[in-house]
Amino acid sequence: MTLRTGVWHGAGTATYGAHMTVIEVAGAHKSYRRRGKAPEKALDGLDLVVATGGVHGFLGPNGSGKTTTIRILLGLVRADAGELRLLGQPVPQALPQVIGGVGALVETPLFFPAFSGRLNLRLLADTAGVTATRVEECLELVGLRDRADDRFRGYSLGMKQRLGIAAALLKSPRLLVLDEPSNGLDPAGIREVRELVRRLGSDGSTTVFLSSHLLAEIEQVRDAVSILARGRCVATGPVSQVLAGGAAGDLRVRVPDQRRAAHALTAAGFTVSEVDGALQVHGADDPADVVRALVAQDLYLTELSPVTADLESVFLDLTRQQP
Amino acid sequence: MTTDLAPPTGPYGAAAASRRPSLARAEVRRITSRRFVRVLLLVALAGYALFVGIAAATEFGRTTPDQVAAAEGRLDEAVAQQERARQLCLADPGRPRDVPPEQVCGPETPAGAFRVSDFLDRQPFVLADQLPDGAAGAAGVTAVLAFLLGATYVGAEWSSRAMVALLFWEPRRVRVMAVKLGVLVAGAALLAVVAQLLWWGTAAVMASRLGTTGPLPSGFYPDLLGRQGRAVVLTVLTSLLGFGLSNLVRNTGAALGVGFLWLAFVENVVRSLRPSWQQWLLSDNAAALMSDGAYRIQLPDSGGGRGRELALSNLHGGLVLGGVAAVIVGVGVLLFARRDLH
């Protein structure tokens, strides 16, 4: 399968067509030095563009560089090379000017364990000049108002995560960065966060950049998606385009003698695998080539259909292919 | 989650903030909300009240003329007894003749070798003596408290990683540190000033009830204010040392351990192995900063002679402590500004 990186950045511009962008990353490299070992490459020439509005899924297996990308964008980690822009401004240089429009929850929420949820939010609110009313709104928003005076250390994992989301929302951000926001949430909590993300993404003012290794989480809320593998963006664009690219050339084939058919197709240069009792032929540009190869061996089709890829198979294919 | 989640209603971004952003206000709220800080200050206050109460009940008290006369009688008797013993020694035929008699039997007891107060069961609280001494003692206590406060202030932020979360709101790292240091310096100075005022008030009450408020020697108040000013400087510097150390090792417990190890072990080893280096030790320079006049260190002579004396001024003490604090804090801030944070 060949999916070109950057479905949407063919023109190499900083916009998606008519859309402005909230995140632009070009050629980002980052290696972590490790004592006594070779440096670990976290980002290897990452290119990424996130357009304004909607929910942009940021998908990749653990260790693919998602959190590093977010940390670099938020100024916690310095890139070795590359250009990055947040809300149209270069970062980290202009981060102080744009940070007021960015809310973030990166991995686990970081709060004082001995302080109450409310006090933790008020400390952050003081820093940004956010009103106490807004703090209460956000607590209400995540369903923590009744437990707001309990200590953070006594919260369940899900409550901690919700407080982290409340903190990210305090600034009413134009860009909301959520890194694995469903960590620790129960199924009901996951569903409600998904609803929140969906609504935020559709309110016309907020762009949600949702990073996750959970395909289901991304699949249900995303408008666009970028897939990372080994520090590189291996696919990006609207989900429909990514899925179409992922399915390109894959055919489902059924014949009475599947073993012989598999040999025949392999001999003809196709890559074949068995899926759910049928043969799946990968990378077939023209279905007629498949029919021809089988008929030449006196094998007659009972089924020939294009395979519609889901995000999971695209994701697995793309991330497996990387060297 | 029990409630329906709804997206925030605008305004967005900077427009959502209708108050003036204040990192300093957040830091003041953060440090004053810490339970450890509150407990530490309450325990210190309770310890102070206990100490003063015990001292007032057992050490100090107004004396009657009869008690003073009896004490003077005991003083005269002690002087006479010492002189009788010296005369017996001088008359001893077995006394070595090749050694000066003063070296064997001691010198004649000088006038003022004993004080009447030494022979009183409860001494009067003399403001002129006790107030400056107590000011130095209070400086020691606030210096230790400030070290703990400085260490826990930033150490707790590292252990909870709230320091990283703060950067999502204020990404200028040097500014974050500068505000924290400013709040710490102001807090430590306030602590020292309050402690000195508290002691001054306590001493005035004790002197009026258990002793005497006068007469005061000339230059008493300038000297006292100078000492109290140096107490504030010492407290601020130790708070910076605690903060800097904790910021470097990113853990309160480790910082306190390093501090204890340094004072209890390293400095004593240096004193015994390299006595001349004492002039650079933290505890000696803290004492020098607080001393009236020069702080003297007796250095042994390697040849077995009388050795020599090192005199450390207040300025020397302040500069050494300040220099060490500046280096420790500076390196910590530099690393914080440059390092990747996870």
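Owing to the predicted nature of the structure, the values given are computational and were not obtained by experimental measurement. (Residues numbered from 1 in each chain as written. Chains lettered and ligands numbered in written order. Predicted model: local features only at pLDDT ≥ 70, side-chain atom pairs only at ≥ 80, totals over all residues. Heavy atoms only, no water.)

Caption draft 1: The arrangement of the overall build of chain B in detail. Tallying secondary structure elements over chain B gives eleven helices and four strands in all. Expected size for 342 residues packed as a compact globule is a radius of gyration near 20 Å; at 28 Å, chain B overshoots this value by more than 25%. Burial analysis of chain B (342 residues in total) assigns 41% to the buried set. In chain B, the proportion of contacts linking residues at least 24 apart, taken out of those at least 6 apart, comes to 77%. Accessible surface, chain B: about 18000 Å² in total, of which carbon and sulfur atoms supply 64%. Put simply, chain B has 32 plus and 25 minus side-chain charges, and the middle of one group is 17 Å from the middle of the other. (Helix = DSSP H or I, 4+ residues; strand = E, 2+ residues; numbered from the N terminus. Rg over C-alpha atoms; globule rule 2.2 N^0.38 Å. Buried < 20%, exposed > 50% of the residue type's maximum accessible area, 1.4 Å probe, protein only. Contact = heavy atoms within 4.5 Å. Areas by Shrake-Rupley, 256 points an atom, 1.4 Å probe, with all protein chains shown as cover. Lys, Arg positive; Asp, Glu negative; His and termini not counted. Charge placed at Lys NZ, Arg CZ, Asp CG, Glu CD.)

Caption draft 2: Broad picture of the confidence of the model for chain A. Residue and element names in this part refer to chain A. Considering every residue of chain A, the mean pLDDT works out to 84; 88% of them sit at 70 or more. Per-residue pLDDT, averaged within each element of chain A, yields its smallest value for helix 11 (residues 311-321) (68) and its largest for strand 4 (residues 81-86) (95). Counting interchain partners and residues more than four positions distant, the pLDDT-below-50 stretch residues 1-18 has 37 contacts. (pLDDT = per-residue confidence, 0-100.)

Caption draft 3: A look at a nonpolar patch on the surface. Residue and element names in this part refer to chain B. Residues Leu248, Val249, Val258, Val327 and Val331 make up a contiguous nonpolar surface patch of about 360 Å² in total accessible area. Looking at the nonpolar patch, the elements with two or more residues in it are helix 8 (220-249) and helix 11 (314-338). Relative to the elements of secondary structure, Leu248 occurs in helix 8. Residue classification places Leu248 among the partly exposed positions, given a relative accessible area of 32%. (Patch = residues over 30% accessible without salt bridge, like charges linked within 9 Å, V, L, I, M, F, W, Y side chains within 5 Å. Salt bridge = Lys/Arg side-chain N within 4 Å of Asp/Glu carboxyl O.)

Caption draft 4: The arrangement of helix 2 (residues 35-58) of chain B in detail. Residues and elements named next belong to chain B. Along its 24 residues, helix 2 runs 34 Å from first to last C-alpha, staying within 8% of the 34 Å computed at 1.5 Å per residue. For helix 2, the full list of buried residues reads Val37, Leu40, Val52 and Ala55. Those residues of helix 2 that are buried are in contact with helix 1 (23-33), helix 5 (127-160) and helix 7 (173-210). (Expected span 1.5 Å × (residues − 1).)

Caption draft 5: A look at the sheet that holds strand 13 (residues 278-282) of chain A. Residue and element names in this part refer to chain A. In spatial order, the strands read 12-13-11-14; together these four strands make up an open sheet with antiparallel pairing. The open sheet has two edge strands, strand 12 (271-275) and strand 14 (303-306), and neither has a second partner. Each neighbouring strand pair of the sheet contributes to a mean axis angle of 25 degrees, computed without reference to strand direction. In the sheet, strand 12 pairs with strand 13 via five bridges, with the strands oriented antiparallel. In the sheet register, Val275 faces strand 13, and the bridge partner there is Ala278. Across the sheet, helix 9 (residues 258-267) lies against strand 11 (251-254), strand 12 and strand 13, angled at about 10 degrees from strand 13, the strand it touches most. (Pairing = 2+ DSSP bridges. Axes fitted to C-alpha atoms, helices over the stretch in contact; angles between N-to-C directions.)

Caption draft 6: Local environment of the interface of chain B and chain A. Contacts between the two partners involve 49 residues from chain B and, on the opposite side, 54 residues from chain A. Contact between chain B and chain A buries roughly 4600 Å² in total, counting both sides, with carbon and sulfur atoms accounting for 60%. At the surface where chain B touches chain A, the tally comes to three salt bridges. Where chain B meets chain A, there are ten residue pairs in polar contact (both at pLDDT 80 or more). Mapped by element, the contributors of at least two residues to the side of chain B that touches chain A are helix 1, helix 5, helix 6 (162-166) and helix 11 of chain B. Element by element, the count of residues in the side of chain B that touches chain A is highest for helix 1 of chain B, at six residues. (Buried area = accessible area lost by both parts, 1.4 Å probe. Polar contact = N/O pair within 3.5 Å; in protein donor to acceptor, adjacent residues only side chain to side chain.)

Caption draft 7: The domain arrangement of chain A, seen in detail. With domains assigned, chain A is organised as domain 1 (21-237) and domain 2 (250-306). A C-alpha centroid distance of 45 Å is found between domain 1 of chain A and domain 2 of chain A. (Domains from an automatic or database assignment.)

Caption draft 8: The arrangement of the packing of aromatic side chains in detail. For the structure shown, the criterion picks out eleven aromatic pairs over all chains. With a centroid separation of 4.7 Å and 35 degrees between ring planes, the pair formed by A:Phe58 and A:Phe209 is classed as tilted. Of this pair, A:Phe58 sits in strand 3 (residues 54-59) while A:Phe209 sits in strand 8 (residues 207-212), placing them 151 residues apart in sequence. The pair formed by A:Phe58 and A:Phe209 is uniform in burial state, with each residue classed as buried. Both rings, one in B:Tyr153 and one in B:Phe243, keep their centres 6.0 Å apart while their planes meet at 50 degrees; by these two values the pair is tilted. Within this pair, whereas B:Tyr153 is found in helix 5, its partner B:Phe243 is found in helix 8, the two being separated by 90 residues in sequence. The same class applies to B:Tyr153 and to B:Phe243, which are both buried. Among the aromatic residues, those joined into a cluster by ring pairs are A:Phe111, A:Phe152 and A:Tyr155. Sitting above the plane of the A:Phe152 ring, A:Lys160 keeps its charged end 5.4 Å from the centroid. Directly above the ring of B:Phe336 sits B:Arg173, whose terminal nitrogen or CZ lies 6.0 Å from the centroid. (Phe/Tyr/Trp six-rings, centres within 6.5 Å; stacked < 30°, edge-to-face > 60°. Lys NZ or Arg CZ within 6 Å of the ring centre and 35° of its normal.)

Caption draft 9: A look at the domain arrangement of chain B. Splitting chain B by domain gives domain 1 (23-62 + 125-338) and domain 2 (64-121). Once you take the C-alpha centre of each, domain 1 of chain B and domain 2 of chain B turn out to be 41 Å apart.

Caption draft 10: Representation of the state of the cysteines in the model. All names here are of chain B. With the rule as written, the count across this model stands at one disulfide over all chains. With its sulfur 1.8 Å from that of its partner, Cys89 forms a disulfide with Cys105. Where Cys89 bonds to Cys105 through sulfur, the torsion about that S-S bond is close to -75 degrees, and the disulfide is left-handed. With Cys89 in helix 3 (residues 65-91) and Cys105 in helix 4 (residues 101-105), this pair connects stretches of sequence that are 16 residues apart. For Cys105, a relative accessible area of 13% gives the class buried. (Disulfide = S-S within 2.5 Å.)

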